[in-house]
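Architecture at a glance
Given next are the chains, with one letter for each unit.
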Amino acid sequence: MKILKRVAEAILKNAKNGNTNNEKIADGKIAYIDDIEKALEIKTYQKDETIKFKLYKKEKNFFIFKPKHKAKNSTIKNF
C-alpha cells in the first residue's frame, strides 16, 4: 500500500498546482490523501481516465485564549 500512498500524494500535489492538464483545486477547498487512496482502491483506472475524490471546504482556524486566575498576587506571563 506504500505505492498507493505515493501515487495519491502525486495526484494531490498535481491537483493543488493544476499541473499536467489537471484541474486545479479551487481556492477555499482542500483534499486529503486518504480520500484519494480510497478512490484508487475502489477500481482500476485507465490512462487518461478521471479520478474523482472528495473536496472539503477549508475552515479558518481560530485560537481563542482567555486566561483566568484567582490569585491576587500573580504575575503576568506572555504566551
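Scroll up to find the structure.
Residues numbered from 1 in each chain as written. Predicted model: local features only at pLDDT ≥ 70, side-chain atom pairs only at ≥ 80, totals over all residues. Heavy atoms only, no water.

1. Focus on the overall build of the protein chain
- Each helix and strand in the protein chain was counted, giving two helices and two strands.
- Ordering the α and β elements of the protein chain from the N terminus gives α-β-α-β.
- Every one of the 79 residues in the protein chain was classed for burial, and the buried ones make up 15%.
- Look at the contacts in the protein chain between residues 6 or more apart in sequence, and 55% of them connect residues 24 or more apart. (Helix = DSSP H or I, 4+ residues; strand = E, 2+ residues; numbered from the N terminus. Buried < 20%, exposed > 50% of the residue type's maximum accessible area, 1.4 Å probe, protein only. Contact = heavy atoms within 4.5 Å.)

2. Some words on the nonpolar core
- Among the nonpolar cores identified, the biggest contains nine residues, and these are L4, A8, I11, L12, A15, I25, A31, I36 and L40.
- At the level of elements, α1 (2–17) and α2 (33–42) are the ones that each hand at least two residues to this core.
- The residues contacting L40, other than those within four sequence positions of it, are L4, V7, A8, I11, Y45 and I51. (Core = buried A, V, L, I, M, F, W, Y, C linked by side-chain atoms within 4.5 Å.)

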